[in-house]
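Structural overview for review
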Amino acid sequence: MNVLPRPALRSRVWPAVAVLAAVLAITLCTTGAEGPLSVVMPAVIAGTAVAAAIWAVWRRRADRADYEARLTAWAASEAVLAERMRIARDLHDIVSHGLGLITVRAAATRHLAKPPEIEAALADIEEAGRHATGELRRMLAVLRAPDASPPRAPVEGLDAVPDIVRGAEVAGMRTLLETDDLGAVSRGVQVAVCQTVREALSNAARHAGPTRVRVHLYRDGPAVVVTVADGGPVDGWRATPGAGHGLAGLRERVTSLGGTLLAERVEGGFRVTARIPDDGSAA
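This section reports on the structure supplied with the text. (Residues numbered from 1 in each chain as written. Predicted model: local features only at pLDDT ≥ 70, side-chain atom pairs only at ≥ 80, totals over all residues. Heavy atoms only, no water.)

A positive phi angle is found at E267, which is not glycine, with a value near 50°. The residue E267 is located in the loop between β4 (260–266) and β5 (269–277) in this model. For E267, a relative accessible area of 81% puts it in the exposed group. (Helix = DSSP H or I, 4+ residues; strand = E, 2+ residues; numbered from the N terminus. Buried < 20%, exposed > 50% of the residue type's maximum accessible area, 1.4 Å probe, protein only.)

Structure follows, in structure tokens:
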């Protein structure tokens, strides 16, 4: 889903150079073969041509740098937008699941004997649950682009973290996963933890190669913390950086949950730390 069009590389250097070259050619052709001008004009034209060539090269590089800056900003905004769309889909899956359980549980009490007041309250709960689920689905349909309908998949939970880490081991990384007792963790935070581990391991694989990586999940008071730290590039490894927007999308997800994301160089390596407040009440 592209809200803003992709920037285009536009430059008026070559039309300007062409016009100047035509003017110089006409001037050279109209200059007489005798007199002072026949000596001065060729030197002036040659100097002008050299200056125009230098200016054209400089202008071309400046236009290119400006284009790359605009393209980087556009790509970063698209990465953030894409992450917002994923958050919206995850929110739909998480919230609609809870609403569905409420609706089904309320509907399941219809055959039980109960006072009229309780029966009316449960009917209202069922109706409100169905209405909220429908509104949530309509909201998601508005957020999505008409042609952007990715395949649905179950929302990831903390039980997916070991598989994500094992995927990094297949790429040759030496991993260590440490998971403390986190207690109850809400579904949205679980998804953010999985995304943090996946993105951090992907970055480590590109920048450091088959290096050592430690993944640590723990609880710090009301916050769930995940750290992914690598040991730095292995000898002879040539980094293959990506577009650089994965962390931007990840930061969008973490901050949307009220958390913080820190990416920093530590002891020759790189460490990503996500701290997300969560009391587990929505688990």
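Moving on from the coordinates now.
This part takes up the pattern of salt bridges. The full count for this structure, using the stated rule, is 5 salt bridges. D163 is paired through a salt bridge with R166; the nearest N and O atoms lie 2.2 Å apart. Of this pair, D163 and R166 both sit in helix α4 (residues 161–170), 3 residues apart, which is roughly one turn of the helix. Overall, R166 belongs to the partly exposed group, its relative accessible area being 45%. Residue R275 is joined to D220 by a salt bridge in which the shortest nitrogen-to-oxygen separation is 2.7 Å. Here R275, found in strand β5, pairs with D220, found in strand β2 (residues 212–220); they are 55 residues apart in sequence, far enough to count as distant. D220 gets classed as partly exposed once you look at its relative accessible area, which sits at 38%. (Salt bridge = Lys/Arg side-chain N within 4 Å of Asp/Glu carboxyl O.)

On to the nonpolar core. Judged by nonpolar contacts, the single largest core of 29 residues is most densely connected at V193, V197, L201, V215, L217 and V228. Elements represented by at least two residues in this core include exactly α4, α5 (187–208), β2, β3 (223–230), α6 (246–256) and β5. For this core, the leading source of residues is α5, giving 8 residues. (Core = buried A, V, L, I, M, F, W, Y, C linked by side-chain atoms within 4.5 Å.)

What follows concerns the pairing of β4. With 7 bridges connecting them, β4 and β5 associate as antiparallel partners. Following the sheet pairing, L261 is matched in β5 by A274. In textbook terms, the turn of a hairpin is the stretch between consecutive antiparallel strands, and for β4 and β5 this stretch comprises 2 residues, one of which, E267, has a positive phi near 50°. (Pairing = 2+ DSSP bridges.)

For α4, the complete set of buried residues consists of V161, I164, V165 and A168. All buried residues of α4 project into a common sector of 95° when viewed along the axis, lining one side. Downstream of α4 by a residue or two, G172 has a phi angle that is positive, lying close to 100°. (Arc of directions from axis to C-beta.)

Okay, α5 next. Here α5 spans 31 Å end to end across 22 residues, near enough to the 32 Å set by a 1.5 Å rise per residue. Positive backbone phi, at 75°, marks G209, one or two positions downstream of α5. (Expected span 1.5 Å × (residues − 1).)

Reading across the sheet, the 5 strands line up as β1-β2-β3-β5-β4 and stay open at both edges, with mixed pairing between neighbours. A single partner strand is all that each edge strand has here, and the edge strands are β1 (174–179) and β4. In this sheet, adjacent strand axes meet at a mean angle of 10° when their direction is disregarded. Sheet topology note: the β2/β3 ladder contains 8 bridges and is antiparallel. Within β3, the position partnered with V213 by the bridge is D230. In the packing of α4 onto the sheet, the strands contacted are β1 and β2, and the crossing angle to β1 comes to about 165°. (Axes fitted to C-alpha atoms, helices over the stretch in contact; angles between N-to-C directions. Contact = heavy atoms within 4.5 Å.)

What follows deals with the packing of α5 against α6. Running from N to C, α5 and α6 point in directions that differ by 160°, and their axes come no closer than 10 Å. If you check the angle between α5 and α6, you find them roughly antiparallel. Between α5 and α6 lies a crossing of left-handed hand. From α5, V191, A192, Q195, T196, E199 and N203 reach across to α6, where they touch G246, L247, L250, R253 and V254. Of the residues contributing to the contact of α5 with α6, the split by class is 5 nonpolar, 4 polar and 2 charged. (Parallel < 35°, antiparallel > 145°, perpendicular 65-115°, else oblique. Left-handed = near helix turned anticlockwise from the far one by under 90°. Nonpolar A, V, L, I, M, F, W, Y, C, P; charged D, E, K, R; others polar.)

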